[in-house]
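Residues per chain, in single letters:
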Amino acid sequence: MQKKKKSTKQMGPKPQYTRKEPKGPRIIAAKYNTSCVKADQYPEGDTVEIAFLGRSNVGKSSLINSLCNYRGLALVSGQPGKTKTINYFDIESKEDISETEERRYNWFLVDLPGYGFAKTNKGNRNLWSSFIADYILHSERLMLLCLLIDGRHPEMPIDKVAYDWLVEAGVPLQIVVTKADKLTAKEKSANLAKIKEMYPTDTPPILYSSLKHTGRELLQQRINTVLVGDEA
């Protein structure tokens, strides 16, 4: 049996793979601060606030956990609308300026209770707690509100009511489309087009999957425009 000749082909250098770091600050720490339902319970100081709001069962807690890369930071419950208070989380973001210099940013992530409809003996009652409106209208530190829309159901009337109210109040908005992993490519395209038409804002909506962390970098970059300016 004839032996196979050993290959004398010269192998090139082994390729080096490096992970591309996101531009701007990235979240490095997150912890619970406090819960409240009225203004005199808000944390003191001038710390920037970025709030998250959405219909019950939109996946808000899962998104917060994904964004902060902290499993269990926000309670994930099988019971929709479990969050009943305004919850503040201390967030620290870090930006590497050079090999020896860094810059850190401290801000509040504010988790607002979910809204929706509840059946009563008088029909459907809007479950938008008054203290949510009070916070949105009167918090001088609120720099951005992320309105979460379920990507599977972009035409929910209650979401449009919330959006119209927020626009009328002059709140800086970012639309975040949740549960993107549950959509086909065709559904993503069609539903995203509907969302852009129904909920127009200064910046495009962000598709997000808390399961796969799709959209995390984009949302973090959007937050960075608040922390460090539009050039983040």
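The structure displayed is predicted, hence computed values, not measured ones.

## Concerning helix H5 (residues 216–228)
So, step 1. Over its 13 residues, H5 extends 18 Å from the first C-alpha to the last, a length consistent with the 18 Å expected when each residue adds 1.5 Å.
So, step 2. If you check which residues of H5 are buried, you get Arg216, Leu219, Gln220, Arg222, Ile223, Asn224 and Leu227.
So, step 3. Following H5 by one or two positions, Gly229 adopts a phi angle in the positive range, close to 115°.

## Some thoughts on the environment of Leu173
So, step 1. Among the secondary structure elements, Leu173 is positioned in strand E8 (residues 173–178).
So, step 2. C-alpha of Leu173 to C-alpha of Leu145: the two residues are 28 residues apart in sequence and 5.1 Å apart in space.
So, step 3. In this structure Leu173 touches Leu144, Leu145, Leu147, Tyr163, Leu166, Val167, Thr201, Thr203 and Arg222, once residues within four positions along its chain are discounted.

## Considering the packing of aromatic side chains
So, step 1. This structure, assessed with the given rule, holds five aromatic pairs.
So, step 2. A centroid spacing of 6.2 Å and a plane angle of 45° characterise the contact between Tyr42 and Tyr88, whose relative ring orientation is tilted. Taken as a pair, Tyr42 in the loop between strand E1 (26–36) and strand E2 (49–54) and Tyr88 in strand E3 (residues 86–96) lie far apart in primary sequence, 46 residues in all. No difference in accessibility class separates Tyr42 from Tyr88, as the two residues are buried.

## Section: unusual backbone geometry
So, step 1. The residue Asn57 is not glycine, and still its phi comes out positive at about 70°.
So, step 2. Positionally, Asn57 belongs in the loop between E2 and helix H1 (60–68).
So, step 3. Relative accessible area serves as the criterion here: at 48%, Asn57 is assigned to the partly exposed category.
So, step 4. For His213, which is not glycine, the phi dihedral falls at a positive 65°.
So, step 5. By secondary structure assignment, the location of His213 is in the loop between strand E9 (206–207) and H5.
So, step 6. His213 sits in the partly exposed class, given a relative accessible area of 33%.

## Describing the sheet that holds strand E7 (residues 142–150)
So, step 1. Reading across the sheet, the seven strands line up as E1-E3-E4-E2-E7-E8-E9 and stay open at both edges, with mixed pairing between neighbours. A strand with exactly one partner marks an edge of an open sheet, and here the two such strands are E1 and E9.
So, step 2. Bridge count for E8 against E9 is two bridges, and the pairing is parallel. Within E9, the residue paired with Val176 across the bridge is Ile206.
So, step 3. Those strands touched by helix H2 (residues 130–138) are E2, E3, strand E4 (102–111) and E7, and its axis lies near 145° from that of E2.

Cut-offs and rules
- Residues numbered from 1 in each chain as written.
- Predicted model: local features only at pLDDT ≥ 70, side-chain atom pairs only at ≥ 80, totals over all residues.
- Heavy atoms only, no water.
- Helix = DSSP H or I, 4+ residues; strand = E, 2+ residues; numbered from the N terminus.
- Expected span 1.5 Å × (residues − 1).
- Buried < 20%, exposed > 50% of the residue type's maximum accessible area, 1.4 Å probe, protein only.
- Contact = heavy atoms within 4.5 Å.
- Phe/Tyr/Trp six-rings, centres within 6.5 Å; stacked < 30°, edge-to-face > 60°.
- Pairing = 2+ DSSP bridges.
- Axes fitted to C-alpha atoms, helices over the stretch in contact; angles between N-to-C directions.

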